[in-house]
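Residue strings, one per chain:
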Amino acid sequence: QLKPIMNSCDTNTTLHGTMLNVDNIGVLLIGKAGSGKTEIALEMLTRRHRLISDDAVKFERTVDNKLLAHKANTQAHQLHLRSIGVIDAPQLFDNALFCLNSLVDLVIQLTSAPDETASLFPPKQAKTILGIDLPMFSLYCERHCPLSIILETLVKQFKLTHQPSLQQRIAS
């Protein structure tokens, strides 16, 4: 269950998670502390995807009822890796990989145990943030599993199954 860190009205809130932009799809990673959100963000940076915020993400509902994610604080682009400590990611990666905001298209719940009944498509779960329902997928995290490749594949499949609505968003 996501819990607000702060709440300043019905149009914005801040939640624990990591926000990425993968092939122009806004992906919110959620999960318990230590579930691998930051490690996935690091993997995705090495694969030239974009980071909006790590650890805390600020959200606002737009006038056209979209969910826009922003970095929540000035340390949002620093990554706390349990194995090596805090790294200043913009010092290590191309500045173009760090964004100020992104629309949120889907939520990935990282889990530590496989859900035998889970099927990725179509998503059987939704996550509501600021009154906006978002498709939510559960992703079982094994340390030996190439999560960046799985996440990229999930985003590609999402784009295929949601192409008309994504094309409308790009056109507007």
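Keep in mind it's a predicted model, so treat the numbers as computed, not measured.

The rules we used
- Residues numbered from 1 in each chain as written.
- Predicted model: local features only at pLDDT ≥ 70, side-chain atom pairs only at ≥ 80, totals over all residues.
- Heavy atoms only, no water.
- Pairing = 2+ DSSP bridges.
- Helix = DSSP H or I, 4+ residues; strand = E, 2+ residues; numbered from the N terminus.
- Axes fitted to C-alpha atoms, helices over the stretch in contact; angles between N-to-C directions.
- Contact = heavy atoms within 4.5 Å.
- pLDDT = per-residue confidence, 0-100.
- Buried < 20%, exposed > 50% of the residue type's maximum accessible area, 1.4 Å probe, protein only.
- Polar contact = N/O pair within 3.5 Å; in protein donor to acceptor, adjacent residues only side chain to side chain.

**With respect to the sheet that holds strand β12 (residues 125-129)**
- Overall, mixed pairing links the six strands, which are arranged β5-β3-β4-β11-β13-β12 in an open sheet. Looking at the sheet topology across the chains shown, the edges are occupied by β5 (50-53) and β12. The sheet shows a mean angle of 35° between the axes of neighbouring strands, taken without regard to direction.
- Contacting β3 (18-22), β4 (25-30), β5 and β11 (106-111), helix α1 (residues 37-46) crosses the sheet at an angle of about 25° to β3.

**As for the confidence of the model for the chain**
- Predicted confidence across the chain gives a mean pLDDT of 82, with 80% of residues reaching 70 or more.
- When the criterion is pLDDT under 50, residues 1-8 qualifies, and its contacts beyond four places in sequence or with other chains add up to 20 contacts.

**With respect to the environment of H16**
- Looking at the element boundaries, H16 is found in strand β2 (residues 12-16).
- Taking relative accessible area as the criterion, H16 reaches 29% and is therefore assigned partly exposed.
- It is 5.6 Å that separates the C-alpha atoms of H16 and D55, two residues lying 39 residues apart in sequence.
- Among the polar contacts made by the side chain of H16, one reaches the side chain of K37 at a distance of 3.4 Å.
- Of the polar contacts made by the side chain of H16, one reaches the backbone oxygen of D55; its length is 3.1 Å.

**So, the pairing of β3**
- Within β3, five of the five residues are buried, which leaves it mostly tucked inside the rest of the structure.
- Of the two faces of β3, the one lined by T18, L20 and V22 and the one lined by M19 and N21 are each fully buried.
- Taking the residues between adjacent antiparallel strands as the criterion, β3 and β4 are bridged by two residues, where D23 takes a positive phi near 55°.
- Pairing geometry for β3 and β5, over three bridges, is antiparallel. Looking across to β5, one finds that M19 is bridged to S53.

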